[in-house]
Amino acid sequence: MNAPLLPRSFRLLVTGGGTGGHTYPALTAIRTLQGRLAAAGGTLDVLWIGAADGLEARVAPAEGIPFKTVATGKIRRAANPLKMLSAANMKDMARVPLGVAQARSIVSEFQPDVVLATGGYVAVPAGLAARLCRRPLVLHEQTVRLGLANRKLAGSATRIALSSESSLELLSPELRGAAVVTGNPIRPEVLTGHGDKAVQALNLTGFDRRLPTVYVTGGAQGAQQINGVVRDVLPWLLSHANVIHQCGPANVDELRAAAAGLDPVLAGRYHLTGFVGPELPDVLALSDIVVSRSGAGTLAELTALGKPAVFVPLATSAGNEQVHNARHLADAGAAVALVGEVTGQVLQHAVGPLLTDPARRAAMADRARAYGRPDAADRLVDVLLSAAAVSG
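Everything numeric here is computed off the predicted structure, so don't read it as measured data.

Asker: Even after reading the chapter, I still don't get the environment of Arg367, so can you show me in this structure?
Answerer: Within the element layout of this structure, Arg367 appears in helix 17 (residues 358–371). Between the C-alpha atom of Arg367 and that of Arg135, which follows or precedes it by 232 residues, the distance is 39 Å. Excluding residues within four positions of it along the chain, Arg367 makes contact with Ala332, Gly333 and Ala334. Within the structure, Arg367 has its side chain in polar contact with the backbone oxygen of Gly333 (distance 3.4 Å).

As structure tokens, this is what we get:
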């Protein structure tokens, strides 16, 4: 795609959130557009419509982004369609028309050049308001399959930005013409890590740099499932690798007690931490294998970096998204997906061949990198500018 001409000023309305998967790609797109305009002497005026109880309500104001809320209706999904006709769902759905009216008022007053919707139930009223106010709407989908909010808005969208090439074949023919594959925007600092800095910052003096390093993470709060299976095979794992284990702040004491009986040499190869902060890019750079959940943001970062991964999907993710994400890469040989009951033995069987065979790791890294789109934020910004130019 050719980069569109940059306007002197640009008004962007962003909607979406609830989770980091919807929030951070939007934030990265805002910062990328802001930087591109500023470099050309232009300015960005941005407004974020989100839910009062969503992550975006904390992130946007903290980043200095004006933020407004609208009434929202959250659909509580169930395998049985009749169970979706619950009193809670009916009550929430009744709030949607109010949310649309509120969003229409905001859109009408703000007059954005384009509206970017990144998913989450809060995106629906603002996305519908964009159509009512005849403002171009760009959807961004982080996962392989369109999420519920984006499915509701797809027919109103000027463009649909996809994170995965394989998403195209899942769209109906009438939607495919509006679709473009951009990838999923990742924080630019993730690509700038240095392994030696992680060794210094975390004081990893007991690590044996001749061995591969495994980074185990369950997200900010940790994951009991992942923590448990790693604990069960920890002596075996440490005999083959160094391990950085981000377990969640509430789980540190329990895992520290479990590791107390380790041989001192093995214990020196084990770095246990509740949370990995600014040093994350360096930790990822140091890591040869990552064991983690398979959220869309995680996939985008690991493929951009070309990291071999063993995914333990969160079984309760909305629409079973994490299982689909993990299987999508596993089918291409770009990761290993552990679906169903995951035990220590299952993890050992998955990680073992990667630890002992550098060629296998390298092949998986190459396949992962083939799916990575480190320039996704710039691609999405191109789509936003083009959608505004076409409608203008």
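Asker: It is not clear to me how the pairing of strand 5 (residues 137–141) should be interpreted in this structure. Could you clarify?
Answerer: Within a regular strand, side chains alternate between the sheet's two faces. A large share of strand 5 lies buried, amounting to 5 of its 5 residues. The alternating pattern of strand 5 places Leu137, Leu139 and Glu141 on one face and Val138 and His140 on the opposite face, and all of these are buried. When strand 4 (residues 114–117) meets strand 5, the two strands line up parallel, connected through 3 bridges. Pairing of Ala117 across the sheet is with Leu139, part of strand 5. Chirality of the crossover, the property in question, places the unit of strand 4, helix 5 (residues 123–132) and strand 5 among those that are right-handed. Bridge count between strand 5 and strand 6 (residues 159–162): 4 bridges; the pairing is parallel.

Asker: I would appreciate a short explanation of the environment of Ala300 in the present structure.
Answerer: When you line up the elements, Ala300 lands in helix 14 (residues 296–305). The spacing of Ala300 and Gln142 is 158 residues in sequence and 8.7 Å in space, taken between C-alpha atoms. In this structure Ala300 touches Asn184 and Ile186, once residues within four positions along its chain are discounted.

Asker: I would appreciate a short explanation of the nonpolar core in the present structure.
Answerer: Ranked by internal contacts, the top residues of the largest apolar core, which has 32 residues, are Val214, Tyr270, Val291, Val310 and Leu347. Elements represented by at least two residues in this core include exactly strand 8 (213–217), helix 9 (224–232), helix 10 (234–238), helix 11 (252–258), strand 10 (270–273), strand 11 (289–292) and helix 16 (344–356). At 5 residues, the largest contribution of residues to this core is made by helix 16. With sequence-adjacent residues up to four places away left out, Leu347 is seen in contact with Val229, Val230, Val233, Val291, Val310 and Leu338. Counting 29 residues, the second largest nonpolar core, distinct from the first, contains Val122, Leu153, Ile160 and Leu162.

Asker: Got a minute to help me understand the sheet that holds strand 13 (residues 336–337) in this structure?
Answerer: Across a sheet, paired strands are connected by hydrogen bonds in the backbone, their directions being either parallel or antiparallel. Taken in spatial order, the 6 strands make up an open sheet running 10-9-8-11-12-13, and their pairing is parallel. The open sheet terminates on both sides in strands that have one partner only, identified here as strand 10 and strand 13. Of the strand pairs in this sheet, strand 8 and strand 9 (residues 242–246) are connected by 5 bridges, and their pairing is parallel. Pairing of Tyr215 across the sheet is with Ile244, part of strand 9. Helix-sheet contacts for helix 14 involve strand 11 and strand 12 (309–311), and the interaxial angle to strand 12 is about 165°.

Asker: Looking at this structure, how should I read the pairing of strand 2 (residues 43–50)?
Answerer: Burial analysis of strand 2 places 6 of its 8 residues in the buried class, the great majority of the element. Across 7 bridges, strand 1 (residues 9–15) lies against strand 2 in parallel orientation. Note on strand 2: the bridge partner recorded for Ser9 is Thr43. Of the crossover connections in this fold, the one passing from strand 1 over helix 1 (residues 20–39) to the parallel strand 2 is right-handed. Where strand 2 and strand 3 (residues 67–69) come together, 3 bridges link them in parallel fashion. Among the inter-strand pairings, Gly50 is bridged to a residue of strand 3, identified as Thr69. Tracing the backbone out of strand 2, into helix 2 (residues 56–62) and back to the parallel element strand 3 gives a crossover that is right-handed.

Reading the values: the criteria
- Residues numbered from 1 in each chain as written.
- Predicted model: local features only at pLDDT ≥ 70, side-chain atom pairs only at ≥ 80, totals over all residues.
- Heavy atoms only, no water.
- Helix = DSSP H or I, 4+ residues; strand = E, 2+ residues; numbered from the N terminus.
- Contact = heavy atoms within 4.5 Å.
- Polar contact = N/O pair within 3.5 Å; in protein donor to acceptor, adjacent residues only side chain to side chain.
- Buried < 20%, exposed > 50% of the residue type's maximum accessible area, 1.4 Å probe, protein only.
- Pairing = 2+ DSSP bridges.
- Right-handed = clockwise from strand over helix to strand, strands pointing away.
- Core = buried A, V, L, I, M, F, W, Y, C linked by side-chain atoms within 4.5 Å.
- Axes fitted to C-alpha atoms, helices over the stretch in contact; angles between N-to-C directions.

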